[in-house]
Every structure is written in C-alpha cells, then in structure tokens.
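# Working through the structure, step by step
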Amino acid sequence: MTYAAITGWGKCMPPAVLTNDDLSTFLDTSDEWINSRTGMRERRVSHVSAIDMSVVAVSQALACAGLEGRDIDLIIYGSCSNDEGVPNSASGVQLAIGATRAAAMDVNTACTSFCYGLATATAMIRSGMVKTAVVIGVELISRFMDWSNRNVAVLFGDGAAAVVLQASDVESGLIGSVLGCDAEARETLRVRGLGLSYANKDVRFGDTLWDFDGPVIFKRAVTAMAEASIRVMADCRLTADDIDLVVPHQANLRIIESLAKYSGIPMERVMVTVHKYGNMSAATVPVALVEALEDGRVTPGGTIMMPAFGGGLTFCSLIVKWGDRVTPLGLSDKALPPCTKTALELVNESRAMHDAHGRSLQGLMSPLFVEASLG
Ligand code: ACO
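Residues numbered from 1 in each chain as written. Predicted model: local features only at pLDDT ≥ 70, side-chain atom pairs only at ≥ 80, totals over all residues. Heavy atoms only, no water.

### Description of the side chain of Thr 284
Quick note on the threshold: Helix numbers and strand numbers start at the N terminus; a helix is a DSSP run of H or I with at least 4 residues, a strand a run of E with at least 2. Note on classification: 1.4 Å probe, protein chains only; a residue is buried when its accessible area is under 20% of the maximum for its type, exposed when over 50%, partly exposed between these limits. Two residues form a contact once any of their heavy atoms are found within 4.5 Å.
Residue placement: Thr 284 occurs in helix α10 (residues 284–294). Since its relative accessible area comes to 0%, Thr 284 is described here as buried. If we skip the residues at most four places from it in the chain, Thr 284 touches Pro 248, His 249, Gln 250 and Asn 279.

In structure tokens form, the structure reads like this:
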C-alpha cells in the first residue's frame, strides 16, 4: 500500500498587522465587539501578491523536506483570491521554484481549498499517478475586501502556507477524509468581483460586494464540520480520545468551541490562531498546522483532525497520521521584501482607490455585469 506522507511544511505571514483598533478608525465597530463575537484581535495585510507569499511558503516547505523544485511532480494551489485567472496561479509558483517537471493546478473551494487540495494530491500519490506533490493554501483577501462593510471587513486576513507530500510505504499522511458541500446554502456567501484583479489593481472595474449571512453560515458550519468529523472518525475506527490535535478552520472562536463540544474533544487539544490571524480562508488550516509543528504540538505518530468549511458551502473533515519527523531538515532563506507601510496605511490606500474608482459603479454590480466585465 502506498501512502502520501507529509514531509515538508512552511508558512509565509505578511508582516503588517491590522488591529481591531485600526479597524475602529474607519468602521463603526470596536475591539470589544470584534473580540467578544469572533475571538479576533489582529490579522495580517499583505503588501505583495498571493503568488509571492506562496513562493516563500513553498520554499520553506521544500527546505523542510530536503527537496528542490525539480523534485516535484505536482503543485496544487488552493485559493479563492487568485492574482489572475489565466494563467493559473500554480504555474506562477512552478516558475518561481523551478519545478520544471511538475503538473500545476488551482483548486477553489473557498476556505476548504487547501483541504480539498490535500485530499486530491493524496489520492493522486496513492494511485501511483505522481510521487511528490506540493499543496498550497493561500489567500489575499485584503485586496478584495469591501472596507465599508463592517459585517465582513473585520473577519478576514492574508497569509499562506504549504506542505510537501511524498509517496511512502509507511502508514502516514491523510488516512481518512469526508468532503461535502451544503449547496442549498450557497447564497449565504457570495463575493461579487472577488479575485483576478491584483494584477489589474490600478484599473478596477468597481468594488467587491459581499453578500454574507453570518448567523446562518455559523450554524451550518458547526453542523457540517461536526457531522463530517464524527463520520471520518468512524470511518477510521477512531474515537474522540484517539485524536491528539484538532487543527480546524478558524472563522470564529465560538464556531471552533461549538465544534469541539459537538465532537467531544476538549479545547486543550484544539489549535487556535484566530486571535492573531483572523480568517485567512484557504490559508487558515495549513498556517495553523505549521504553527502547531513549530510549537511542538504535533507528536511523532500523532493523529490530527482537520475540519473546515467555506463558501459553497463546502465542508470537510480530514484525519492525518503524522510520521516520525516533526522538525525541518532545513530552512530556506527565501523571504518577503520588507514592508514599508503599516497595515492601516495599506488598507487606507485600498479604500481610497475603491472610493475613486468603484462607488459610482455599485448600482451596476449585478452578477451579470461582473461576469461581463471579467469576461
Ligand atoms: N462591529 C459592530 N457590530 C457589528 C459588526 C461589527 N464589526 N458586524 C456586525 N455587527 C452588528 C450587526 O449590524 C448586527 O446589529 P443589529 O443586531 O443591530 O442588526 C449585530 O452586530 C449582529 O449581531 P449577531 O447576530 O449577534 O452577530 P453574530 O453573533 O452572529 O456574529 C458573526 C456575527 C461574527 C459574523 C458570526 O455570525 C459569524 O462568525 N458567522 C460565521 C463566520 C463566517 O461566515 N465566516 C466566513 C465563512 S466562509 C469562509 O470562511 C470564506
């Protein structure tokens, strides 16, 4: 039997930190409201493209595995905030890391994109189609945020992380998965105008508009992730006591606490990053996984559960059996260029640009109009 062991991991967090108090300077909100309703205190705002963040994360993951770009057969780029549509983003990473032999594809299932990508890469390795894969979870939401909408502007952040998978005879890597989609609720989260415009950031068609029913998503997210977690544990003949660590999607601390309660797993065994990074959509689970490794919370041979949900509403719960190694073989010196602006300056630039180019178009932002514009 062939398995797909996780042998490398790396992250890239942009340095500019946007606090709740920063948000309160231009939104009718407060640190007290945001922290008590979501558990969030800060999030990051990127000064570079999503591909740039991904390249740093992948370089760290390759060094961690002791591999180079040319060793990779497959790159899966999980994201819903791509820099461009064509060419795809995975090809941008391939070029930058010199992965000349690799197939390169993008996966977009919103916040679950990394998890869906991990399941896809694992299946391709286990079938013998490829031997070595890189899976990325990355998001650059700040460029597409409607900074005038407090319902969503306080919730999201930017970031990236990646893992390397290698074929192995030893049982490790993804050993169980439940993937699904609650499409009846797909209208609860729609972002009109999201994606594809980092490269065109100076020639905007208009602002993004977020249709977002937070309370409905909240309830459906908890139910979907808890049911998927219970099913995947049963599939793997495991109980809650067998799960050493839960690395969940981080959209709201109260969602995570409810999920832990329904799954029968105490919060001491749950990795939480939502207070410092907010919801980074597809980057959330892999960044939390990398930080769990850095913090010594992943043990050799340990069992990790990864439940997630996102727009669609896609959902999943994965179970990973970790291998023997929990420390990197090497480190890469690849890093982002320095950021000379504060996060608030970056956000205010974005707001000014939206005001200048977008407001007058909002009335025209029907889905049809956006389709026509992007087409
Ligand atoms: N500051 C102050 N008040 C706010 C803010 C804010 N930033 N945002 C909303 N409010 C107000 C609303 O206007 C509303 O006021 P009203 O009652 O006078 O109309 C009130 O707060 C809403 O309060 P609640 O209904 O109690 O809010 P709730 O407890 O549901 O929390 C939240 C809202 C945080 C959005 C929650 O529903 C949630 O986390 N939902 C799921 C998160 C989510 O969907 N994440 C994205 C998933 S998909 C993905 O990850 C890509």
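### Details of the pattern of salt bridges
Between side chains of opposite charge, a pair can form when the charged atoms approach closely. The condition is simple: Each salt bridge in this description consists of a side-chain nitrogen of Lys or Arg and a carboxyl oxygen of Asp or Glu lying within 4 Å of one another.
By the definition in use, this model includes 11 salt bridges. A salt bridge links Asp 73 to Arg 101; its shortest N-O distance comes to 2.9 Å. In this pair, Asp 73 sits in the loop between α3 (50–65) and β4 (74–78) while Arg 101 sits in the loop between α4 (89–97) and β5 (103–107), placing the two residues 28 residues apart along the sequence. Here Arg 220 ties to Asp 182 by a salt bridge, and the two come within 2.8 Å at their closest N and O atoms. Of this pair, Arg 220 sits in helix α7 (residues 214–235) while Asp 182 sits in the loop between β8 (173–181) and β9 (189–192), and the two are 38 residues apart along the sequence. With a relative accessible area of 32%, Arg 220 lands in the partly exposed category.

### Topic: the packing of α3 against α4
Stated formally: For every element, the axis is a line fit to its C-alpha atoms; helices are fit only across the contacting stretch, and the angle between N-to-C directions ranges from 0 to 180 degrees. Any angle from 65 to 115 degrees is called roughly perpendicular, while one under 35 is roughly parallel, one over 145 is roughly antiparallel, and all others are oblique. Handedness of a crossing follows from how the near helix is turned relative to the far one, being left-handed for an anticlockwise turn of less than a right angle and right-handed for a clockwise one. Residues were grouped as follows: Ala, Val, Leu, Ile, Met, Phe, Trp, Tyr, Cys and Pro as nonpolar; Asp, Glu, Lys and Arg as charged; and all remaining residues, including Gly, as polar.
Contact pair α3 / α4: the axes reach a minimum separation of 10 Å and the direction vectors enclose 55°. When the interaxial angle is binned, α3 and α4 end up oblique. Judged by the twist between their axes, the crossing of α3 over α4 is right-handed. Taking contact as the criterion, the partners of Ile 51, Ser 54, Val 55, Val 58, Ser 59 and Leu 62 in α3 are, on α4, Ser 89, Gly 92, Val 93, Ala 96 and Ile 97. Its residues assigned to classes, the contact of α3 with α4 comprises seven nonpolar, four polar and no charged.

### Let's talk about the site of the ligand
Stated formally: Proximity is defined per residue: any heavy atom of the residue falling within 4 Å of a molecule or strand makes that residue near it. Pairing of N or O atoms within 3.5 Å defines a polar contact, subject to two protein rules: one partner must be a possible hydrogen donor and the other a possible acceptor, and residues neighboring in sequence count only if both atoms are side-chain atoms. All accessibility values rest on the Shrake-Rupley procedure with a 1.4 Å probe; residue burial counts only the protein chains present in the view.
In the vicinity of the ligand there are 23 residues, among which Thr 29, Arg 37, Cys 111, Asn 252 and Arg 254 approach most closely. Between the ligand and the protein, one listed contact pairs an oxygen atom with a side-chain N or O atom of Arg 150 at 2.9 Å. Asn 252 places a polar side-chain atom, nitrogen or oxygen, 2.6 Å from an oxygen atom of the ligand. Notes on the ligand: free accessible area 1000 Å², of which the protein chains cover 73%. Residue assignment for the shell around the ligand shows that the elements contributing at least two residues are α2 (31–38), α6 (150–153), α7 and α8 (253–263). Of all the elements, α7 adds the most residues to the shell around the ligand, at four residues.

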